[in-house]
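Chain by chain, the residues run as shown.
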Amino acid sequence: MVLALIFLFTVMGPRNAVPASVSGSPVCLANTRTWSFFCLGSRIREMPTTIPGNTTYIMISENGALEQIGACAFANLSRLAEITITKSKHLAFIHRDAFWNLPRLKYLTISNTGLKVLPDFSKINSAAQNILLDLQENIHIEVVPCNAFLGLGTESIRELALNNHFPDSRFLMGNQMLSHIHGDAFDGAEGPVVLDISRTALSTLPESMLKKIKSLTAISVYSLRRLPSLHLFTELVQANLTYPSHCCAFSNFRKNRLVKHSLCDKPQAHVDEPQYFREYCKVQTEVTCHPKPDAFNPCEDIMGHTYLRVLIWIICILAIVGNSVVLLVLLTSHYKLNVPRFLMCHLAFADLCMGVYLLVIASVDIDTRSHYYNYGIDWQMSVGCQAAGFFTVFASELSVFTLTAITLERWHTITYAMQLERKLRLRHAAVIMAGGWAFAWLAALLPATGVASSYDKVSICLPMDVETPLSQGYVVLVLLLNVVAFLAVCACYLRIYTTVHNPQVIAPLTSMSDARVAKRMAVLIFTDFLCMAPISFFAISAALKWPLITVSHAKVLLVLFYPINSCANPFLYAFFTKSFKRDFFVLASHFGCFKAQAQMYRTETSSVQNGNWTPSPKTSDGTIYSLVHLTQHH
């Protein structure tokens, strides 16, 4: 390409192409017909000292040997309108006095160079209007300093580009190391009107440069996670951003135009010039923004409704307080740690983790209320969201596993009540729960490490990413295992109910006891069903890419159904049992409370030890062995 251009200038004749010598080497050409000046090719090591004074266009391109541009390289060129410096990857330095007194300069392109510092434009002193400045693909520039564009005149900078996606436009994009634009970078120059910062590392935008912007392009700027105040975008009509959630900021945003152009008063102005009328004459203008929010991140807070915001606080407090009390009572009890109590400790811990997850989600919701669009990316990409997601999956799977283990232990104990050699020992339960912890830990760790699914897909930090087959298989497998666990619980309770009516196993219960046993089992199964059925059904359909509900509706399931077991388990498996009441009152008596009740339970325990009471396998109060008085049958 370089040889072709040189050949073109050569065949145009000696009167039109004048070589400019540098140390005796004719490497730059001045075209006297078009008043253009070209320096092309890898032989150029420095700029010529003399450029014709009537030059209007300068192009420096494909100069692999050019490392610097010295002082006054472009000085006192009164007719110069455009400078293009491109494809010079070894160009690392431009002298601060290189651009000097260029009153008509309107187009300045410095792209695809090795510059590490933005050149000094303060001495250009251009009087041109709507200056276009293109600084794309300078990948080593990290900072735009104070007063960087001071010399570009008091008229507006029409387009400022810091990228490279649109070669037919002049756009600061593609500068992948550019991380900061000084707040006073645009002092002395109005604008820009069009700003493209795509594929840069910017994390903030200076407020001083936003008031004149009509078009903002920030594609693949993943570090720009928060937008400035919307009221600073007084002229913005179009935005192409990186994150869909940022477009939520503009969905209900309307700008009031304080001053209208005089042409807006012409009759039929909206018909004759519809685009002009839409941009300059409307009292209120809307912002066209892309990309649009997707189904996983709708334009709403984490808790989209007020009633959900209230309920999640109630449920998380119940779960945390209830399970903390259970753990405190069981771990401080003076009685021997048996299998049921051991399993209950694990269940309470799992449900406590669920309460912590709900507390984290509720707290972030309050903190980001009405402005989640500006904090959503930070939250979903944060360690906090990863930890919250880990907590909820770990808690959910450990709770389901422990509930299944408790139910199986009840069934085994009642079925083999008279065979003491088959009694489940504490060491057996410890091995079983070690397996449960390993499974829950693995299930929670896979999305956190990105192996299968991820926690950053949605604001509630659940593993809803099913884009890859591995992620889809992971979600479906976990949900199916939960369904299998629920069916196992139902089967065990049905077997327990039939066993307690078998006179060959144990003396039949009275009709009142039968009703009480059936009622308690129905409550246990019903709470499990409420917790697991809606979640599993809708989640499996979504995992198979047949979603039946939106993420907004899924949040209702999250608050109303997902944590049901975490709130109900302390009551169904602890608070309503006689052994827990005994431990609770004994613990409270040490602090001067419930002394009478504690003494009553101590008396009952003493009677048992003296042989007046006998254990009976009864499930109605939620324990494996309840202490019931022996009744003689005649």
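Higher on the page you've got the structure.
Residues numbered from 1 in each chain as written. Predicted model: local features only at pLDDT ≥ 70, side-chain atom pairs only at ≥ 80, totals over all residues. Heavy atoms only, no water.

## Overview of the side chain of Ser399
Then, number 1: Looking at the element boundaries, Ser399 is found in helix α8 (residues 383-415).
Then, number 2: A distance of 3.0 Å separates the side chain of Ser399 from the side chain of Asp351, its partner in a polar contact.
Then, number 3: Sequence-distant contacts of Ser399, defined by excluding residues within four places in its chain, comprise Leu347, Ala350, Asp351 and Asn569. (Helix = DSSP H or I, 4+ residues; strand = E, 2+ residues; numbered from the N terminus. Polar contact = N/O pair within 3.5 Å; in protein donor to acceptor, adjacent residues only side chain to side chain. Contact = heavy atoms within 4.5 Å.)

## Brief notes about the nonpolar core
Then, number 1: Ile302, Met303, Met344, Tyr357, Trp379, Ile460 and Tyr573 are the most contacted members of the largest nonpolar core, which has 77 residues in total.
Then, number 2: Examining the composition of this core, we find that 16 residues originate from one element, helix α6 (residues 339-367), more than from any other.
Then, number 3: In this view, Tyr357 contacts Ala388, Phe391, Thr392, Ile460, Leu462, Leu558 and Tyr562; residues no more than four positions away in its chain are not counted.
Then, number 4: Among the nonpolar cores identified, the runner-up in size contains 60 residues, and Ile83, Leu108, Ile141 and Leu224 belong to it. (Core = buried A, V, L, I, M, F, W, Y, C linked by side-chain atoms within 4.5 Å. Buried < 20%, exposed > 50% of the residue type's maximum accessible area, 1.4 Å probe, protein only.)

## Some remarks on a nonpolar patch on the surface
Then, number 1: Taken together, Val310, Ile314 and Leu318 make up a surface patch of nonpolar side chains, about 260 Å² in accessible area.
Then, number 2: Position of Val310 among the secondary structure elements: in helix α5 (residues 306-332). (Patch = residues over 30% accessible without salt bridge, like charges linked within 9 Å, V, L, I, M, F, W, Y side chains within 5 Å. Areas by Shrake-Rupley, 256 points an atom, 1.4 Å probe, with all protein chains shown as cover. Salt bridge = Lys/Arg side-chain N within 4 Å of Asp/Glu carboxyl O.)

## Some points on unusual backbone geometry
Then, number 1: That bond from His290 to Pro291 is cis: its omega, 5°, falls within 30 degrees of zero.
Then, number 2: Within the fold, Pro291 resides in the loop between β20 (288-290) and α5.
Then, number 3: For Trp35, which is not glycine, the phi torsion reads 55° and is therefore positive.
Then, number 4: Relative to the helices and strands, Trp35 is located in the loop between β2 (25-31) and β3 (36-40).
Then, number 5: Look at Trp35 and you get partly exposed, because its relative accessible area is 32%.
Then, number 6: A positive phi angle, near 60°, is found at Cys72, a position not held by glycine.
Then, number 7: With respect to the helices and strands, Cys72 occurs in the loop between β5 (68-69) and β6 (74-75).
Then, number 8: Exposure remark for Cys72: the relative accessible area of 46% places this residue in the partly exposed category.

## A look at the pattern of salt bridges
Then, number 1: Here the structure, examined in full by the defined rule, presents seven salt bridges.
Then, number 2: Measuring nitrogen to oxygen at the nearest pair gives 2.9 Å for the salt bridge that ties Arg226 to Asp378. In this pair, Arg226 sits in the loop between β16 (215-217) and β17 (238-240) while Asp378 sits in helix α7 (residues 372-380), placing the two residues 152 residues apart along the sequence.
Then, number 3: A relative accessible area of 24% places Asp378 in the partly exposed class.
Then, number 4: Between Lys555 and Glu300 there is a salt bridge; the shortest N-O distance is 2.9 Å. Of the two residues, Lys555 sits in helix α12 (residues 551-560) while Glu300 sits in the loop between β20 and α5, which places them 255 residues apart along the sequence.

## Describing the state of the cysteines
Joining two cysteines, a disulfide is a covalent bond between their sulfur atoms.
Then, number 1: Evaluated as defined, the whole model comprises four disulfides.
Then, number 2: Each sulfur in the disulfide pair Cys28 and Cys39 lies 2.1 Å from the other. Between Cys28 and Cys39, the S-S dihedral sits near 115°, and the bridge is therefore right-handed. Placement of the pair is Cys28 in strand β2 and Cys39 in strand β3, with a sequence separation of eleven residues.
Then, number 3: Its relative accessible area of 0% is what places Cys28 among the buried residues.
Then, number 4: The exposure class of Cys39 is buried, given its relative accessible area of 0%.
Then, number 5: Residue Cys247 pairs covalently with Cys289 via a disulfide, S to S 2.0 Å. The disulfide joining Cys247 to Cys289 has a torsion of about -75° about its S-S bond and is therefore left-handed. Of this pair, Cys247 sits in helix α2 (residues 244-251) while Cys289 is found in strand β20, placing the two residues 42 residues apart along the sequence.
Then, number 6: Cysteine Cys492 shares no disulfide, and the gap to the nearest cysteine sulfur, in Cys490, comes to 9.5 Å. (Disulfide = S-S within 2.5 Å.)

Read these as geometric descriptors, not functional statements.
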